[in-house]
Amino acid sequence: MIANLDSPASTMKALAEIDSGRPVGKDLSGMRGWFEVTELATGIAGSERLGRIFYKPDGQRVLASVHIEQDEKEQRHHIERLRAF
């Protein structure tokens, strides 16, 4: 996913902060233990500020999903898939 971004810098910066243990973003509503970083630049025309990172600290690791929001319905579906983790 990251390789598909025309401007991955803001996503990489947020991932580095998450990896270092810094709290980034906000609680993901309805998903206990998950957090959401929003409005990340993608560099992709039509979705410039629609980059998202969903992440969940899990012991010594962090589960993370980098996502580009297409619309509300699709994003809700993506978040629902995260429940399995």
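Anything mentioned here points back to the structure above.
Parameters and conventions
Residues numbered from 1 in each chain as written. Predicted model: local features only at pLDDT ≥ 70, side-chain atom pairs only at ≥ 80, totals over all residues. Heavy atoms only, no water. Helix = DSSP H or I, 4+ residues; strand = E, 2+ residues; numbered from the N terminus. Buried < 20%, exposed > 50% of the residue type's maximum accessible area, 1.4 Å probe, protein only. Contact = heavy atoms within 4.5 Å. Phe/Tyr/Trp six-rings, centres within 6.5 Å; stacked < 30°, edge-to-face > 60°. Pairing = 2+ DSSP bridges. Axes fitted to C-alpha atoms, helices over the stretch in contact; angles between N-to-C directions.

1. With respect to the overall build of the protein
In terms of regular secondary structure, the protein is built from 2 helices and 4 strands. Ordered by position in the sequence, the α and β elements of the protein form the string α-β-β-β-β-α. Based on the C-alpha atoms only, the size of the protein along its principal axes is roughly 35 × 30 × 20 Å. Expressed as a percentage of its 85 residues, the buried residues of the protein come to 35%. Long-range contacts, defined here as pairs at least 24 residues apart, represent 37% of the contacts in the protein between residues at least 6 apart.

2. Focus: the packing of aromatic side chains
Scanning all chains against the criterion turns up 1 aromatic pair. Relative to Tyr-55, the ring of Phe-35 has its centre 5.3 Å away and its plane inclined at 25°; by these criteria the two rings are stacked. Here Phe-35 is found in strand β2 (residues 35-40), whereas its partner Tyr-55 is found in strand β3 (residues 51-58), with 20 residues between them in sequence. Relative accessible area serves as the criterion here: at 24%, Phe-35 is assigned to the partly exposed category.

3. Side note on the pairing of strand β4 (residues 61-68)
Note: β3 against β4, 8 bridges, orientation antiparallel. Residue Tyr-55 lies in a different strand from β4, and its bridge partner there is Ala-64. From the end of β3 to the start of β4, which pair antiparallel, there are 2 residues, and Gly-59 there has a positive phi angle of about 70°.

4. Description of the sheet that holds β2
The strands that make up a sheet are held in pairs by hydrogen bonds between backbone atoms, and each pair lies either parallel or antiparallel. Judged by pairing direction, the sheet is antiparallel, and its 4 strands sit side by side in the order β1-β2-β3-β4 without closing on themselves. A single partner strand is all that each edge strand has here, and the edge strands are β1 (26-27) and β4. On top of the sheet, helix α2 (residues 72-82) reaches β2, β3 and β4; it is set at about 160° to β4, its chief contact.

None of this, on its own, says anything about what the molecule does.
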